[in-house]
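The residues making up each chain are set out below.
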Amino acid sequence: MPKLWGGRFTKETSEWVDAYNASISYDKRLYREDIRGSIAHATMLVRQGIITKEDGKKIVAGLKEILQKIEDGKFEFSQKLEDIHMNIEARLTEMIGAAGGRLHSARSRNDQVALDMHMYMKRVVAELGELLIFLEEEILDLAAKNCDTIMPGYTHLQRAQPITFAHNMLAYFNMFKRDFERLQGVWQRADIMPLGACAIAGSTLPIDRQFVAKELNFSDIYSNSMDAISDRDYILEFLSFASILMMHVSRMAEEICLWNSTEFGFIELDDAYATGSSMMPQKKNPDIAELARGKTGRVYGALMQMLTVLKGLPLAYNKDLQEDKEGFFDVVDTLQLTLTVLKNMLATMTLKKDRMKEAVCHDFSNATDLAEYLVKKGVPFRKAHEIVGKTVAYAIEQGKYLGELTLDEFRNYAAEVEKDVYEVLKPENCVASRISFGSPKVEFNRSQCDTNKQLIVKQKEFLSFWQNNM
Ligand code: ARG
């Protein structure tokens, strides 16, 4: 099969070159974008008088037929034809003859692939935006139901201070909220139309780039043809968004693994979201959380790969840029599955609230509250810190928790301690008396839940804008 660009060649490419050069095995997933872009381009060519109406009609009908064939799984992709663009164009020309050869007027694969990738990215933003919202809603639901579920909060993985399960969930909500904001940035950078840049320097034909942009729901067009075909910033931004998102997912996944262990016992995963061991019959493993943690690696890998591909690349198009796809597509698939499975795992897990409460009653995580109690009685904080440190050491020696010390024992260290200390030391009161904004106090968490619900309403407005403009 002669190549579409074969004019100046005397030989066919070697099979090794075909194998090395081809991207069809993975860029065929761009077929919808490629065909939609070609239809818009052909429509513009007709409007501008660059091709005839009849040719335009044949082209559009042929492209629609090809679309149907691909969707029905009846299209045969060929490696010899390198990529999705040439596979479709070659078939079109086979089907409709000379008119097919007019489609590529004032177009190069350089701006064609850039267009496909921009369009595909916009679809990805809309799809992942929706999944991210689903996850946020699940987290918010868990938070709203657990504003008074007391548990230990950790620093250095040591019991630090009593918090609520809602507070922990709301911290994750904030992370995913920032991820959504980053996704908005990706949309902005993807929503620029590169077609018409052609191979590098535009065209002498009277094309109408604004018309194509409108047809394809782009809000802007690239103002520099060289930038249009060589810009992959939007992919880098997407991969950065994805890496940070997966970092958040992996932190949550790690906590789930910990909480699900016998040692913590704060949650139990649903049987449908856990797996067994082939040898140890008693095992119920959090493989899904582990995989979510583990898959973070391949997402970071794709970001590093893309940064490296782009580094030092001279303008404008170079074949290196074809390497922008596999990692990116893999990240898209990874995020789609990860967000879905994580949401369902959270929705189905059981909280063992008694265990959480018990844990927080059998530790020294109320020590800071004792120190602040003394501060309220006029003791300088540094002094109070020392007093409580000594009291804790004494209690450990006695095999008691703070709430179990007698008033006399307290007073050996600080004369200021009175009977009301016992109420102060109860973990639920520790949480209830946090009055600084942003602390785990029940009322704060409740109002955060409400604020975040409002935020999701706003995010859904973006989402429907994306869905209508991709
Ligand atoms: N498959 C190519 C890619 O993904 C399409 C653009 C090829 N352009 C070229 N001049 N060889 O980048």
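See the structure above.
Notes on the structure in this doc start here. Position labels on residues start from 1 in each chain and follow its written sequence. Local features in a predicted model are, by the rule used here, given only for residues with pLDDT of at least 70; side-chain atom pairs are given and counted only at 80 or more, and totals for whole chains, interfaces and linings are based on all residues. Note that water and hydrogens are dropped before the side-chain values are worked out from all heavy atoms of the structure.

What follows covers the pairing of strand S1 (residues 150-155). Strand pairing is assigned whenever DSSP detects at least two bridges linking the two strands. In this text, helices come from DSSP runs of H or I with a minimum length of four residues, and strands from runs of E with a minimum of two, each type numbered from the N-terminal end. Where S1 meets strand S2 (residues 158-164), 6 bridges bridge the pair, whose relative direction is antiparallel. Looking across to S2, one finds that methionine 151 is bridged to isoleucine 163. Where S1 folds back on S2, the antiparallel hairpin that results is connected by 2 residues, among which histidine 156 adopts a positive phi of roughly 55°.

So, about the nonpolar core. To define a nonpolar core, start from buried Ala, Val, Leu, Ile, Met, Phe, Trp, Tyr and Cys residues and group those joined through side-chain atoms within 4.5 Å. Buried residues are those whose accessible area, probed at 1.4 Å on protein chains only, stays under 20% of the maximum for their type, while exposed residues exceed 50% and partly exposed ones sit between those limits. Judged by nonpolar contacts, the single largest core of 117 residues is most densely connected at Phe238 and Phe241. Considering each element in turn, this core owes the most residues, 18 residues, to helix H6 (residues 109-145). When residues no more than four places from it in sequence are discounted, the contact partners of phenylalanine 238 are Met121, Val124, Leu128, Val186, Phe328, Val331, Val332 and Leu335. Membership of the second largest hydrophobic core comes to 20 residues, among which are Ala371, Ile387, Val388 and Tyr394. It only takes one pair of heavy atoms within 4.5 Å for two residues to be counted as in contact.

We now examine the state of the cysteines. Note on terminology: disulfide denotes any pair of cysteine sulfur atoms within 2.5 Å. For the coordinates displayed, the defined rule picks out 0 disulfides. Free cysteine cysteine 430: the closest other cysteine sulfur is in cysteine 361, separated by 9.6 Å. For cysteine 430, a relative accessible area of 0% translates into the label buried.

With respect to the helices and strands, phenylalanine 134 occurs in helix H6. For phenylalanine 134, a relative accessible area of 34% corresponds to the partly exposed category. With 205 residues separating them in the primary sequence, phenylalanine 134 and leucine 339 have C-alpha atoms 8.5 Å apart.

What makes a residue near a molecule or strand is one non-hydrogen atom of that residue sitting within 4 Å of it. The full set of residues close to the ligand is Ser23, Asp27, Asp83, His85, Arg109, Asn110, Val113, Tyr317, Gln322 and Lys325. Contacts described as polar in this section are N or O atom pairs within 3.5 Å, which, within protein, must combine one atom able to donate a hydrogen with one able to accept it, while residues neighboring in sequence count only if both atoms come from side chains. A distance of 3.0 Å separates a nitrogen atom of the ligand from a polar atom in the side chain of aspartate 83. With respect to the ligand, the side chain of arginine 109 contributes an N or O atom lying 3.5 Å from a nitrogen atom. Burial of the ligand by the protein amounts to 86% of the accessible area it has alone, namely 340 Å². By residue number, the principal contributor to the shell around the ligand is H6, which donates 3 residues. What sets the accessible areas is the Shrake-Rupley method with a 1.4 Å probe; for residues, cover comes only from the shown protein chains.

This part is about the packing of aromatic side chains. In this scheme Phe, Tyr and Trp rings, the latter by its six-membered ring, pair at centre separations within 6.5 Å, and the angle between planes marks the pair as stacked below 30 degrees, edge-to-face above 60, and tilted otherwise. Counting across every chain of the model gives 18 aromatic pairs. Seen in terms of ring centroids, tryptophan 187 and tryptophan 466 are 5.8 Å apart; in terms of plane orientation they differ by 25°. Their pairing is stacked. You can see tryptophan 187 sitting in helix H7 (residues 165-190) and its partner tryptophan 466 sitting in helix H19 (residues 442-468), a full 279 residues away along the chain. Residue classification places tryptophan 466 among the buried positions, given a relative accessible area of 1%. Measuring from ring centre to ring centre gives 5.6 Å for phenylalanine 328 and phenylalanine 329, while their planes differ by 40°; the resulting arrangement is tilted. Overall, the relative accessible area of 2% leaves phenylalanine 329 in the buried class.

Moving on to the environment of leucine 310. With respect to the helices and strands, the residue leucine 310 is situated in helix H11 (residues 287-310). Leave out the neighbours within four places in its chain, and leucine 310 touches Arg232, Leu236 and Leu321.

A few words now on the pattern of salt bridges. What makes a salt bridge here is a side-chain nitrogen of Lys or Arg within 4 Å of a carboxyl oxygen of Asp or Glu, nothing more. Enumeration over the complete set of coordinates arrives at 33 salt bridges. In this structure, lysine 284 engages aspartate 271 in a salt bridge whose closest nitrogen and oxygen atoms are separated by 2.8 Å. Placement of lysine 284 in the loop between strand S5 (267-268) and H11 and of aspartate 271 in the loop between S5 and H11 is noted, with a sequence separation of 13 residues between them. Given a relative accessible area of 29%, lysine 284 falls into the partly exposed group. In this structure, lysine 325 engages aspartate 324 in a salt bridge whose closest nitrogen and oxygen atoms are separated by 3.0 Å. Each of Lys3, Glu12, Asp18 and Lys80 takes part in a single network of salt bridges with overlapping partners.

On to the packing of helix H3 (residues 31-47) against helix H4 (residues 53-71), then. Note on method: axes are straight lines fitted to C-alpha atoms, helices fitted across the in-contact stretch only, with angles between N-to-C directions ranging 0 to 180 degrees. As a packed pair, H3 and H4 sit with axes 9 Å apart at the nearest point and diverge in direction by 170°. Judged by the inter-axis angle, H3 sits roughly antiparallel to H4. Counted together, Tyr31, Arg32, Ile35, Ser38, Ile39, Ala42 and Val46 of H3 and Lys53, Gly56, Ile59, Val60, Leu63, Lys64, Ile66, Leu67, Ile70 and Glu71 of H4 form the full contact between these two elements. Looking at the contact of H3 with H4 residue by residue, the class counts come to 11 nonpolar, 2 polar and 4 charged. In these notes the angle categories are as follows: under 35 degrees is roughly parallel, over 145 is roughly antiparallel, 65 to 115 is roughly perpendicular, and the rest is oblique. Under the scheme applied here, ten amino acids are nonpolar (Ala, Val, Leu, Ile, Met, Phe, Trp, Tyr, Cys and Pro), four are charged (Asp, Glu, Lys and Arg), and all others, including Gly, are polar.

Moving on: the side chain of threonine 334. Looking at the element boundaries, threonine 334 is found in helix H12 (residues 326-348). Assessed through its relative accessible area of 6%, threonine 334 is described here as buried. Of note is the side chain of threonine 334, whose polar atom sits 2.7 Å from the backbone oxygen of aspartate 330. Setting aside residues no more than four positions away along its own chain, threonine 334 makes contact with Met246, Lys295, Arg298 and Val299.

Buriedness for pockets is judged along seven lines, at least five of which must meet protein on both sides within 12 Å for an open set on the 1 Å grid over protein atoms alone, while cavities are sets there where a 1.4 Å probe fits but cannot get out, and lining residues have an atom within 4 Å of a point. Grid points are joined across faces, edges and corners, and a volume is the space filled by probe spheres set on the points. For the largest pocket, the calculated volume is near 320 Å³. Lining the largest pocket we find 15 residues, and of these Tyr154, Asn168, Tyr172, Arg251 and Glu255 sit closest to its centre. When residues of the lining of the largest pocket are traced back to their parent elements, those giving at least two are S1, H7 and helix H10 (233-260). Looking at which element gives the most residues to the lining of the largest pocket, the answer is H10, with 5 residues. A class-by-class count of the residues in the lining of the largest pocket yields 10 nonpolar, 2 polar and 3 charged.

Viewed as axis vectors pointing N to C, H3 and H6 meet at an angle of 120°, and their least axial separation amounts to 9 Å. On the basis of their axis angle, the class for H3 and H6 is oblique. Considering the relative orientation of H3 and H6, their crossing is right-handed. Along its contact with H3, which presents Arg32, Glu33, Asp34, Arg36, Gly37 and Ser38, the element H6 presents Gln112, Leu115, Asp116, Met119, Tyr120 and Arg123. Taken together, the residues of the contact of H3 with H6 sort by class into 3 nonpolar, 3 polar and 6 charged. Note on convention: the crossing is left-handed when the near helix lies turned anticlockwise from the far helix by less than a right angle, right-handed when the turn is clockwise.

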